[in-house]
Structures are given as structure tokens and as C-alpha cells.
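Overview (structure and organization)
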Amino acid sequence: MVYGYIRISTDKQDCDNQKLGIEAKANALGLHIDKYIEDDGISDTKEPEKRALGKLLSILQPDDIVIVSEISRLGRKLFMLFRILENLLNKGVKVYSVKDGYTLDNSIQSKVLAFAFGMAAEIERDMIIQRTKEALEVKKANGIHIGRPKGGRNRFHKLDGTENFIKSALLNKNTKVDIAKRLGTTIPTLNKFIRDNNLNK
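What comes next concerns the included structure. A quick note: this is a predicted structure, and the numbers were derived from the prediction, not measured. (Residues numbered from 1 in each chain as written. Predicted model: local features only at pLDDT ≥ 70, side-chain atom pairs only at ≥ 80, totals over all residues. Heavy atoms only, no water.)

**Quick notes on the pairing of strand 3 (residues 65–68)**
Neither face of strand 3 is left uncovered, since the one carrying Ile65 and Ile67 and the one carrying Val66 and Val68 both have all their residues buried. Across four bridges, the pairing between strand 1 (residues 2–8) and strand 3 is parallel. Counterpart to Gly4 in the pairing with strand 3 is Ile67. Summarising the sheet, strand 3 and strand 4 (residues 94–97) pair through four bridges and their orientation is parallel. The residue bridging Ile67 from the neighbouring strand is Tyr96, located in strand 4. (Buried < 20%, exposed > 50% of the residue type's maximum accessible area, 1.4 Å probe, protein only. Helix = DSSP H or I, 4+ residues; strand = E, 2+ residues; numbered from the N terminus. Pairing = 2+ DSSP bridges.)

In C-alpha cells:
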């Protein structure tokens, strides 16, 4: 399947221009757009699951093709964009951007970018862990008890603060093994955290 992804504002001309560019790119590649996916008036800083893009990511299959007018249409937050592109490459999906001239497939360029995506994901993981540690230190400094009260359940979890990352990773079909590795935790711990926080929904 060949998909054209469009994120538009309230400007109809912008939508038309994106479609014209995507159609021209498809023709140049000898392809036909089977379906357009449109996000209308939704910010590209929102997580994919809050956009039509999330549905597209969930149905893509190996050898599918996605054409966009610009890579930034997928997302303007750097780490979010890296996660989306990494997910697409891991699925074997080819991505073409019209204005940027990017081609993401099994080429050397794509492998270099995939390495960059992986590095960015590791940096993001470390930042999440650091933010969690800092938040716990602030709570300790304010006299808030950290740990499980005697006879009670643990109120704090080592994965606190990673909910959005985990939801996005699950939506993008990352395996739990990969997610656990990135977060430096075990599969049972990850599964319990997902279950306790309803992150599968």
C-alpha cells in the first residue's frame, strides 16, 4: 500500500499544495497513492496516538510506502520524530519526503539515520531516568517519604514519568523486550507498570 500523509492547518490551499507535491512524487516514483491520511488542524507536537497518524502507524506493513510533503509534518518534537521514523524503518516501511528529498528505506543513508534514531532514543531514556531521579530527590528534600509504608503498597515506581514514552512505544509496535531494555528494567516490572497504569488502552 502507498499512503500519502498530510497534516493541514485551516488553510485549504496548504492541503491542496501538499497533495500536489505528494502526487508528483508518487508519479516520479512510478507509484499510485492508495489512500490519504489527513490530520486536520491538529498540532504536530501532539503524540501520534492523538492524531490520525497513530492509526496509520498501527496498520502499516513491511514494504508499505508513506509519502509526506516534509518530514516535519510527522512531528516537530525531535525525539518524537525520531521514534516515529525508527518505528517505520523497523517495520520495513519506506518513507519519501517531497521538499526535503529524504528517502528512508534500506539504503546506507537510512542506516545512518537509524543509528541516529537509536542514539536519540538512548539519550531520551537517560533524560527520563534523570528527571525521575530529580523528582524523587525533591520529594525527599521536602520531607515526603519515599518507599513503601509498612504493610502498604509501593506508591512510587522506578518507571514513574515514563508513561508517555511507554504508551507511544506500544502504539508504534515496539516490543516489550525493546522497551524494557531502553528503560533499564525487566519484562515483569514493565508488564506490572503497564497493567497498573492502564497503558495498553
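Anyway, onward from the coordinates.
**Observations regarding the environment of Ile179**
Mapped onto the secondary structure, Ile179 falls in helix 6 (residues 176–183). For Ile179, a relative accessible area of 1% gives the class buried. Taking the C-alpha atoms as reference, Ile179 lies 8.3 Å from Leu190; in sequence the two are 11 residues apart. Other than its neighbours up to four places away in sequence, Ile179 contacts Phe165, Ile166, Ala169, Leu170, Asn174 and Leu190. (Contact = heavy atoms within 4.5 Å.)

**Observations regarding the packing of helix 6 against helix 7 (residues 187–196)**
Taken N-terminus to C-terminus, the directions of helix 6 and helix 7 make an angle of 100 degrees; their axes are 9 Å apart at the nearest point. Viewed along their axes, helix 6 and helix 7 adopt a mutual orientation that is roughly perpendicular. On helix 7, the residues touching Lys176, Val177, Ile179 and Ala180 of helix 6 are Ile187, Leu190, Asn191 and Ile194. (Axes fitted to C-alpha atoms, helices over the stretch in contact; angles between N-to-C directions. Parallel < 35°, antiparallel > 145°, perpendicular 65-115°, else oblique.)

**Structural notes on unusual backbone geometry**
At Asp63, a position not held by glycine, the phi torsion is positive, near 75 degrees. Its location among the elements puts Asp63 in the loop between helix 2 (52–59) and strand 3. Phi is positive for Asn198, close to 50 degrees, though the residue is something other than glycine.

**Some thoughts on the packing of aromatic side chains**
For the structure on display, the rule yields zero aromatic pairs. Sitting above the plane of the Tyr36 ring, Lys19 keeps its charged end 5.1 Å from the centroid. (Phe/Tyr/Trp six-rings, centres within 6.5 Å; stacked < 30°, edge-to-face > 60°. Lys NZ or Arg CZ within 6 Å of the ring centre and 35° of its normal.)

**Comments concerning the sheet that holds strand 3**
Across the sheet, five strands lie side by side as 2-1-3-4-5; this open sheet has mixed pairing. Of all strands in the sheet, those bounded by a partner on one side alone are strand 2 (35–40) and strand 5 (103–104). Where strand 1 and strand 2 come together, six bridges link them in parallel fashion. Paired with Tyr3 across the bridge in strand 2 is Lys35.

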